[in-house]
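Each chain, letter by letter, is given below.
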Amino acid sequence: MGTLTYTDLVGANLGKLSTAVTDWKSVADGLKRLMSDARSGLLKKSEGARWAGLNATVTHEFVRKTTKEFEDLYKEASSIYAILDDAHSQLTTIQSKVKWLVARAQEDGFTVSDNSDGTVSFDESGDGGSRWSLDSPMSYSEAVNQEIRRAVTTDLLAQRALAKIHGGDPSDAGHAQYHSLLDV
């Protein structure tokens, strides 16, 4: 994957990420209900039953493992939801701030250039302008470049967390639990 550019950041459709957040929230909520039902129903009844013999031993172990799987799946889904939700929130804020900064720079008579390396630069457009608060092209460049770096960091933290949550084993859920990108 290449460097995140200004064009990538302002052009990103964060609505798709929002949809993923909503979908993972729904999955986590459904798994939470299943986990609760498995604990309070299936496992409780299994542990309280007075069975004897091989069938009872196998059934108890199966119910315990099944309940544990629901717990692990809930842990994984809720962590994925939390990471995606936090990333979406941060990226939406960053994208809005970058668009706002560029609009102010344009009002001040500067034009933005995407350097295609994760940075931007601003030049005088010759239009004059209203001279807002950041009075130099360098000031605008630094402010926007800082936000692009924040977006890159957010993206990398989300990637790292999702990889740890998944653990690389599709048949074994619940490797790591996160509540936000601050946990990564």
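Data block above holds the structure.
Presented here is an overview of the structure given in this document.

At a minimum axis distance of 10 Å, the contact between helix α3 (residues 54-107) and helix α4 (residues 137-166) shows a crossing angle of 170°. Looking at the two axes, α3 sits roughly antiparallel to α4.

With that settled, consider the pairing of strand β2 (residues 120-124). Here strand β1 (residues 110-114) runs beside β2; their pairing, made up of 5 bridges, is antiparallel. Bridge pairing in β2 links Thr111 to Asp123. What sits between β1 and β2 in their antiparallel hairpin is a turn of 5 residues, with Ser116 showing a positive phi close to 60°.

Attention now moves to the packing of helix α2 (residues 14-48) against α3. Interaxial distance between α2 and α3 falls to 8 Å at its minimum, and their mutual angle equals 160°. As summarised for this structure, α2 and α3 are arranged roughly antiparallel, according to the angle between their axes. With respect to the hand of their crossing, α2 and α3 are arranged in left-handed fashion. By residue class, the composition of the contact of α2 with α3 is 23 nonpolar, 8 polar and 7 charged.

Rules and cut-offs
Residues numbered from 1 in each chain as written. Predicted model: local features only at pLDDT ≥ 70, side-chain atom pairs only at ≥ 80, totals over all residues. Heavy atoms only, no water. Axes fitted to C-alpha atoms, helices over the stretch in contact; angles between N-to-C directions. Helix = DSSP H or I, 4+ residues; strand = E, 2+ residues; numbered from the N terminus. Parallel < 35°, antiparallel > 145°, perpendicular 65-115°, else oblique. Pairing = 2+ DSSP bridges. Left-handed = near helix turned anticlockwise from the far one by under 90°. Nonpolar A, V, L, I, M, F, W, Y, C, P; charged D, E, K, R; others polar.

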